[in-house]
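Tertiary structure, described
Given next are the chains, with one letter for each unit.
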Amino acid sequence: MALRLPSKVLKHILSFIDSNEDRNSVSLVCKSWFETERKTRKRVFVGNCYAVTPAAVARRFPAMRSLTLKGKPHFADYNLVPDGWGGYACPWIESMAAKSPYLEEIRLKRMVVTDDCLERIAASFKNFKVLVLTSCEGFSTDGIAAIASTCRNLRVLELRECIVEDLGGDWLSYFPETSTSLVSLDFSCLDSEVKISDLERLVSRSPNLKSLKLNPAVTLDGLVSILRRAPQLTELGTGSFAAELKPEAFTKLSKAFSNCKQLQSLSGLWDVLPEYLPALYSVCPGLTSLNLSYATVRMPDLVELLRRCSKLQKLWVMDLIEDKGLEAVASYCKELRELRVFPSEPDLDATNIPVTEQGLVYVSKGCRKLESVLYFCVQFTNAALITIARKRPNLKCFRLCVIEPFAPDYKTNEPLDKGFKAIAEGCKDLRRLSVSGLLSDKAFKYIGKHAKKVRMLSIAFAGDSDLMLHHLLSGCESLKKLEIRDCPFGDTALLENAAKLETMRSLWMSSCFVSFGACKLLSQKMPRLNVEVIDEHPPKTRPESSPVERIYIYRTVAGPRMDTPEFVWTLHKNPEIGVSKLAIK
Amino acid sequence: MEKVGDYDELVNLKATELRLGLPGTEETVSCGKSNKRALPDDDTEKEIESTGKTETASPPKAQIVGWPPVRSYRRNSIQTKKNESEGQGNYVKVSMDGAPYLRKIDLTVYKKYPELMKSLENMFKFSVGEYFEREGYKGSDFVPTYEDKDGDWMLVGDVPWEMFVSSCKRLRIMKGSEVKGLGCGV
């Protein structure tokens, strides 16, 4: 006799489970667990908007209150995905408007969102609370105004690095005088100036406002006035922080900051004048997150600031920090968990990048809690990588970008194979890895063998042959996202490891040697994969063995998508018909 | 739908294209369609296959699309900063009707129109009168004009300062009879 957990009891137990990974496991146990789980899931995450239809999601999760969607592949961030590829939010919003009217939170990443879409959101979800758009595009400030004016219970409105058609700063004035529920507002990516008086009033009537990220058009004076009205802020993105040097201005600024006793996160600081940095000293001891990656602050000023930030956990900075500055970070910021060092000159032939591998070695040695790294520099050594791996086996995310493609270990002239082997072997919890520099197939053999927990892997200008891909697809058990550009391999490894692709979210390959014929074959073999050939030249005009520009392969239960543009070739499953170009709307 | 002729054309085009391959590969560098995210000046001019105008005098640097992997948003931010930073300068020629030779000034040194006007007045020993939004400059025979990116001659002062600095290619101080066409004293 089977003992069954009464569904009420199961429901109660499940109410303690937030992680979607766990919930996914729960739903695989048996049908009744699947049913109970799906009826209680409130926060739904869809990592690829084309992997499933909106209708299916709405149907499965009737209690959904929060939806997170991701659209374009990650390499779209670097202009590798042509405009018009897809990732449209509208069909999702339409579907949810009809089927999930109680939706309260929408988070979109790399999607195309229109003003219509935003207006629909405002009109359809009566209790709408949270809108977060990251790296999205396609809308204007009119759409934002619609959200501001209509969503009475709006708590969070964040535009993170979006491309917005800026029609002026009026949108801010659309928040009704009765709106007092704001907790977080981020308009740092907008260009136009907003009326400071509107902002002041909004801030004054929002007692729950904890996070405010201003755009560069907000002046230092404006900032002071806002800070006076919102000393309770925990996260602040300053405006431009640029002004003529005036002693009174400095005093006012210092005072305003010193009143913000709960400030934990600071960003913005575009155009900051070094003379104004001391105004921040009073908040430094409390800061856990500091984003200086848009501030052209140079060395001695940087150290003066950083040595006061003893609680810092997250630091984003430009390479102007130099090795010396990183050495200081290693000694003062002992709580550091995440470091990102961006290039101040993101050009191929920038020769005077002021950080070297030594900077990262300092931090790896000094910051015991370091678990996430993004580092740009010109060249690296195996020895440095080995040291980093030995010192920081707790690394979870390691993204190294050696800017010069194919750059070997500059001291020994060898490939960086040994170095990345050390990383893969030593950092057993590594979940995300980006490799660069000169790498042979051996490096990937090591990665395949050891990097068992890596879920996302990014590769550029590496490897010698098909073996590279084969090692990765056959070795990395937890691999979910693989993105590759400019590597010399293709067909064989891809076809041999076709089954692996169904266990992954997606595979991106551009400027490799994958042929159209292989894509067709793969598509025929694997009906639950969408194999997209993204190529401006019609594949039919070339021999089947010639390489295609880009392929994007992802598992899906939604079938081929119906919104592909001209340059995306979704292969039809029927080989006699050949390539069918699905009609664009 | 497919035209064999197209392919042939493509082949010929490829034979005459300028390419920069990376050391160690024969494969050509990938060039994605220019993306709206990048500034028009930034990406299209650096795409290897295009032979669009370059704004700087230095030889075109080798560029690979999307490398180093820095988000467009960040790239654009840095580019804007570079354009504004000191030492970059934005030198434009200034001619004045009747003067025997031209001068050159750095527009980035000034923050607004009155500063620029004062400097020009000192340089050429003239005075420019008062600027009115509708009528242009009144009270003087001299009118400052500039040639913009599109090649049109515009009245100095009509557009916001930043827009002026980024679109001005050269300045010309017009004098006397030629001035009438610009709406002075109309």
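Residues numbered from 1 in each chain as written. Chains lettered and ligands numbered in written order. Predicted model: local features only at pLDDT ≥ 70, side-chain atom pairs only at ≥ 80, totals over all residues. Heavy atoms only, no water.

The name given to chain B in an unreviewed UniProt entry is Auxin-responsive protein, with the source organism recorded as Camelina sativa. Per UniProt, the comment on chain B under Function (unreviewed entry) is "Aux/IAA proteins are short-lived transcriptional factors that function as repressors of early auxin response genes at low auxin concentrations." (UniProt positions renumbered as here; feature names shortened; annotations may be inferred.)

Naming follows an unreviewed UniProt entry, where chain A appears as GRR1-like protein 1 of Camelina sativa.

1. Observations concerning the overall build of chain B
Along its length, chain B carries five helices and seven strands. When the helices and strands of chain B are read in sequence order from the N terminus, they spell out α-α-α-β-β-α-β-β-β-β-α-β. Within chain B, contacts between residues at least 6 apart in sequence are counted, and of these 47% link residues at least 24 apart. About 11,800 Å² of surface is accessible on chain B, with carbon and sulfur atoms providing 52% of the total. (Helix = DSSP H or I, 4+ residues; strand = E, 2+ residues; numbered from the N terminus. Contact = heavy atoms within 4.5 Å. Areas by Shrake-Rupley, 256 points an atom, 1.4 Å probe, with all protein chains shown as cover.)

2. Concerning a negative patch on the surface
Residues and elements named next belong to chain A. The grouping of Asp-116, Glu-119, Asp-142, Glu-165 and Asp-170 at the surface amounts to a negative patch. Positionally, Asp-142 belongs in helix 7 (residues 141–150). By relative accessible area, Asp-142 is classed as partly exposed at 45%. (Patch = residues over 30% accessible without salt bridge, like charges linked within 9 Å, V, L, I, M, F, W, Y side chains within 5 Å. Salt bridge = Lys/Arg side-chain N within 4 Å of Asp/Glu carboxyl O. Lys, Arg positive; Asp, Glu negative; His and termini not counted. Charge placed at Lys NZ, Arg CZ, Asp CG, Glu CD. Buried < 20%, exposed > 50% of the residue type's maximum accessible area, 1.4 Å probe, protein only.)

3. With respect to a nonpolar patch on the surface
Residues and elements named next belong to chain A. On the surface, Leu-5, Val-9 and Ile-13 cluster together into a nonpolar patch covering about 220 Å² of accessible area. Following the sequence through the fold, Leu-5 ends up in the segment before helix 1 (7–14). For Leu-5, a relative accessible area of 38% translates into the label partly exposed.

4. Quick notes on the environment of Ile-93 of chain A
Residues and elements named next belong to chain A. Within the secondary structure, Ile-93 sits in helix 5 (residues 90–99). Judged by its relative accessible area of 4%, Ile-93 falls in the buried class. Linking Ile-93 and Ser-474, residues 381 residues apart in sequence, is a C-alpha distance of 38 Å. The contact partners of Ile-93, leaving out residues within four places of it in the chain, are Ile-106, Cys-117, Arg-120, Ile-121 and Phe-125.

5. Some remarks on helix 15 (residues 417–426) of chain A
Residues of helix 15 of chain A that are buried include every one of Asp-417, Gly-419, Phe-420, Ala-422, Ile-423 and Ala-424 of chain A, and no others. Along its buried surface, helix 15 of chain A packs onto helix 14 (382–391), strand 16 (397–402), strand 17 (432–435) and helix 16 (441–450) of chain A.

6. Structural notes on a positive patch on the surface
A cluster of like positive charges, contributed by Lys-334, Lys-365, Arg-368, Arg-390 and Lys-391 of chain A, occupies part of the molecular surface. You can see Arg-390 of chain A is positioned in helix 14.

7. Let's talk about the sheet that holds strand 7 (residues 168–175) of chain B
All names here are of chain B. Strand order in the open sheet formed by five strands is 2-1-7-5-6, with mixed pairing between adjacent strands. Each of the sheet's edge strands pairs with one partner strand only, and the pair in question is strand 2 (103–106) and strand 6 (153–155). For this sheet, the mean angle separating the axes of adjacent strands, direction not counted, is 30°. As judged from the seven bridges shared by strand 5 (residues 142–148) and strand 7, these two strands associate in the antiparallel manner. Following the sheet pairing, Asp-148 is matched in strand 7 by Cys-168. Against the sheet, helix 4 (residues 113–124) contacts strand 1 (91–96), strand 2, strand 5 and strand 7, and its axis sits at roughly 155° relative to strand 2. (Pairing = 2+ DSSP bridges. Axes fitted to C-alpha atoms, helices over the stretch in contact; angles between N-to-C directions.)

8. Topic: the packing of aromatic side chains
All names here are of chain A. Considering all chains together, one arrives at 25 aromatic pairs over all chains under this definition. Each ring, one from Phe-241 and one from Phe-257, has its centre 6.3 Å from the other, and the planes form 50°; the classification is tilted. Taken together, the residues span a long stretch of sequence, with Phe-241 in the loop between strand 10 (235–237) and helix 10 (247–258) and Phe-257 in helix 10 at a distance of 16 residues. Of the two residues examined, Phe-241 and Phe-257, each falls in the buried class. (Phe/Tyr/Trp six-rings, centres within 6.5 Å; stacked < 30°, edge-to-face > 60°.)

9. Examining the nonpolar core
If you look at the biggest cluster of nonpolar residues, it comprises 200 residues, and the most contacted ones within it are Phe-257, Phe-380, Phe-398, Ile-459 and Leu-482 of chain A. Other than its neighbours up to four places away in sequence, Phe-257 of chain A contacts Leu-223, Leu-227, Leu-236, Thr-238, Phe-241, Leu-263, Leu-266, Ala-279, Leu-280, Ser-282 and Val-283 of chain A. Among the nonpolar cores identified, the runner-up in size contains 25 residues, and Ile-105, Val-128, Val-156 and Ile-173 of chain B belong to it. (Core = buried A, V, L, I, M, F, W, Y, C linked by side-chain atoms within 4.5 Å.)

10. Section: the environment of Ser-331 of chain A
All names here are of chain A. Turning to its location among the elements, Ser-331 is positioned in helix 12 (residues 322–332). Owing to a relative accessible area of 43%, Ser-331 belongs among the partly exposed residues under this scheme. Along the primary structure Ser-331 and Ser-310 are separated by 21 residues, whereas in three dimensions their C-alpha atoms are 9.4 Å apart.

11. Looking at the packing of helix 15 of chain A against helix 16 of chain A
Residue and element names in this part refer to chain A. In the contact formed by helix 15 and helix 16, the axes pass within 9 Å of each other and the chain directions differ by 5°. Classed by the angle they form, the pair helix 15 and helix 16 counts as roughly parallel. In this structure, helix 15 uses Asp-417, Lys-421, Ala-424 and Glu-425 to contact helix 16, whose residues at the interface are Lys-442, Ala-443, Tyr-446, Ile-447 and His-450. (Parallel < 35°, antiparallel > 145°, perpendicular 65-115°, else oblique.)

12. As for the packing of helix 14 of chain A against helix 15 of chain A
Residues and elements named next belong to chain A. Where helix 14 meets helix 15, the closest approach of the two axes is 7 Å, and the angle between their N-to-C directions is 5°. When the axes of helix 14 and helix 15 are compared, the pair comes out roughly parallel. Where helix 14 approaches helix 15, its residues Asn-382, Leu-385, Ile-386, Ile-388 and Ala-389 are matched on the opposing element by Asp-417, Lys-418, Gly-419, Phe-420, Ala-422 and Ile-423. Taken together, the residues of the contact of helix 14 with helix 15 break down into seven nonpolar, two polar and two charged. (Nonpolar A, V, L, I, M, F, W, Y, C, P; charged D, E, K, R; others polar.)

13. What about the state of the cysteines?
Residue and element names in this part refer to chain A. Tallying each qualifying case throughout the model produces zero disulfides over all chains. No disulfide involves Cys-427; its sulfur sits 11 Å from that of Cys-397, the nearest cysteine. A relative accessible area of 2% means that Cys-427 is categorised as buried. Lacking any disulfide linkage, Cys-512 is separated from the closest cysteine sulfur, that of Cys-487, by 5.2 Å. Judged by relative accessible area, which is 2%, Cys-512 ranks as buried. (Disulfide = S-S within 2.5 Å.)

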